[in-house]
Amino acid sequence: MKKTIIAVALSLSLHSSAQEVATQLAFGSADYLDTYLSPEKYRGFEVRFISEVKRDSRKRSVTYLLTHEGAFSTTHNRSQTANELSGSYDFTYSMTYRTRLADGKMHLYIGGMADYSLGFTYNTRNSSNNPAQGYMSLGIGPHLMLRYGLSLWGKTFPITWEARMPFLGVMFSPNYGQSYYEIFNQGNYDHNVVFTTLAVPQLRHHLSVDVPLSARYALRVGYLGDYRQAKPNNLRQHHYYNAATVGLVITK
C-alpha cells in the first residue's frame, strides 16, 4: 500500500511541472567604479558560472526560475599602475505568469523577482588604507521574459530574451570616510544600511538561442548584459558587464 502511494505521488509530481536546467559560462568585459576605493574606473575581464533551473507548472500558468551566479574579475586602471580583484555570488528567485501570444510560438512571462548579492573588491594599490570593499544587497522588482520557438529544418530553436530590474532594495555600505575598523571593531554605525530605488536604475538582460542536440539536450549561446550601480552615502559605485554566454540545457 505504501509503495503504491509513493508511486502515485511521484507520478503526480513528475507530471505537474516541466523542468529545464541550464549550466552556462559567461566571458566578457567588466567596468568597475567604487569611489570608496579609488576615483578611477577599472576595466578588465570577468568570467561567470551561471546555473538556472526553470519549472513550468502544467496545472497553472506559473513559471518559477532559480538562478545561481558566481563571478570573478581582474581589472586595471587607465595608467596600468593598479589592479582590482573582485568576486561575487548572486542568487535570484522569480515567479512569473506565462501566456501564449500570436500563433502560439511566442510565450510571454511577467512577474516578480527577489535578488540577493554578496561580493568583494580588493585594490592592490591601497595597501592598508581601505584596501577592500565588501558588498551585500537585496533587491526586488519585475521580471520579464519572451520566448519564441523558431522552426528551422524540422526542428525548434527557442529564442529567449529575459530582463530583470530591481525597483527597491537595501544594501550595505560604509559612509564617506568611514573605515571598516570603525564599523566592526568599534561598532560605530553610520547609515551603513542604505535603501536603493529606481533613482539609480539597474538592469540585467540575457538574449539566447537554444540549438537542439537531441530530445532532451540543447546547446545555449547568447549575450548577457548586467548593469548595476548605486550611490550610497555620497559614494558612487557601478559594475557594468557585457559578455558572451555558452552552456548546456537539459529538459526533464
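The structure presented is a predicted model; accordingly, all values stated were derived computationally and were not measured.

1. Quick notes on the overall build of the chain
At step 1: Looking only at helices and strands, the chain features 2 helices and 12 strands.
At step 2: Overall, the chain shows an N-to-C arrangement of helices and strands of α-β-β-β-β-β-β-β-β-α-β-β-β-β.
At step 3: Taken over the C-alpha atoms alone, the chain extends approximately 65 × 45 × 35 Å along its principal axes.
At step 4: Every one of the 252 residues in the chain was classed for burial, and the buried ones make up 41%.
At step 5: Taking the contacts inside the chain whose residues are at least 6 apart along the sequence as the reference set, 62% of them involve residues at least 24 apart.
At step 6: Measuring between centres, the 25 positive side-chain charges of the chain sit 11 Å from its 17 negative side-chain charges.

2. Overview of the pairing of strand β2 (residues 38-57)
At step 1: By the bridge criterion, 14 bridges tie β2 to strand β3 (residues 62-76) in an arrangement that is antiparallel. Residue Ile50 lies in a different strand from β3, and its bridge partner there is Glu69.
At step 2: Where β2 folds back onto β3 in an antiparallel hairpin, the turn is made up of 4 residues.

3. Section: the side chain of Asp115
At step 1: Considering the arrangement of structural elements, one finds Asp115 in strand β5 (residues 106-123).
At step 2: Residue Asp115 is classed as buried on the basis of its relative accessible area, which comes to 8%.
At step 3: A distance of 3.5 Å separates polar atoms of two side chains, one belonging to Asp115 and the other to Arg228.
At step 4: Filtering out sequence-adjacent residues up to four positions away, Asp115 remains in contact with Asp90, Phe91, Thr92, Ser137, Leu138, Gly139 and Arg228.

4. Re the pattern of salt bridges
At step 1: Counting across every chain of the model gives 15 salt bridges.
At step 2: The salt bridge partner of Asp226 is Arg48, with a shortest N-O separation of 2.9 Å. Taken together, the positions of Asp226 in strand β11 (residues 217-230) and Arg48 in strand β2 put the pair 178 residues apart, joining distant regions of the chain.
At step 3: By relative accessible area, which is 2% here, Asp226 ends up buried.
At step 4: The partner of Arg228 in a salt bridge is Asp226, with the nearest N and O atoms 3.1 Å apart.
At step 5: One salt-bridge network, in which partners are shared between bridges, spans Glu46, Arg48, Glu69, Asp90, Asp115, Arg204, Asp226 and Arg228.

5. Remarks on a nonpolar patch on the surface
At step 1: Residues Leu25, Phe27, Phe45, Phe49, Leu213, Tyr217, Leu219, Val221, Val246 and Leu248 make up a contiguous nonpolar surface patch of roughly 830 Å² in combined accessible area.
At step 2: If you list the elements that add at least two residues to the nonpolar patch, you get β1 (17-34), β2, β11 and β12 (237-251).
At step 3: Of the residues forming the nonpolar patch, the biggest block, 3 residues, is contributed by β11.
At step 4: Within the secondary structure, Leu25 sits in strand β1.

6. Some remarks on empty space enclosed by the protein
At step 1: Going through the model one piece at a time under the given rule, you end up with 4 cavities of 30 Å³ or more.
At step 2: Empty space within the largest cavity amounts to approximately 700 Å³.
At step 3: Lining the largest cavity are 42 residues, with Ser117, Ser137, Gln202, Arg228 and His239 positioned closest to its centre.
At step 4: With 7 residues, the single largest contributor to the lining of the largest cavity is β5.
At step 5: When grouped by side-chain class, the residues that make up the lining of the largest cavity number 16 nonpolar, 16 polar and 10 charged.
At step 6: As a volume, the second largest cavity reaches approximately 120 Å³.
At step 7: If you trace the second largest cavity, you find 13 residues lining it, with Glu52, Met145, Arg147, Glu162 and Arg220 closest to the centre.
At step 8: Where the lining of the second largest cavity is concerned, the elements lending two or more residues are β1, β2, β6 (132-152), β7 (155-164) and β10 (203-212).
At step 9: At 3 residues, β1 tops the list of elements feeding residues into the lining of the second largest cavity.
At step 10: By residue class, the composition of the lining of the second largest cavity is 3 nonpolar, 4 polar and 6 charged.

Rules behind the numbers
Residues numbered from 1 in each chain as written. Predicted model: local features only at pLDDT ≥ 70, side-chain atom pairs only at ≥ 80, totals over all residues. Heavy atoms only, no water. Helix = DSSP H or I, 4+ residues; strand = E, 2+ residues; numbered from the N terminus. Buried < 20%, exposed > 50% of the residue type's maximum accessible area, 1.4 Å probe, protein only. Contact = heavy atoms within 4.5 Å. Lys, Arg positive; Asp, Glu negative; His and termini not counted. Charge placed at Lys NZ, Arg CZ, Asp CG, Glu CD. Pairing = 2+ DSSP bridges. Polar contact = N/O pair within 3.5 Å; in protein donor to acceptor, adjacent residues only side chain to side chain. Salt bridge = Lys/Arg side-chain N within 4 Å of Asp/Glu carboxyl O. Patch = residues over 30% accessible without salt bridge, like charges linked within 9 Å, V, L, I, M, F, W, Y side chains within 5 Å. Areas by Shrake-Rupley, 256 points an atom, 1.4 Å probe, with all protein chains shown as cover. 1 Å grid on protein atoms, 1.4 Å probe; cavity = no way out; pocket = protein on both sides within 12 Å on 5 of 7 lines; lining within 4 Å. Points joined across faces, edges and corners; volume = space filled by probe spheres on them. Nonpolar A, V, L, I, M, F, W, Y, C, P; charged D, E, K, R; others polar.

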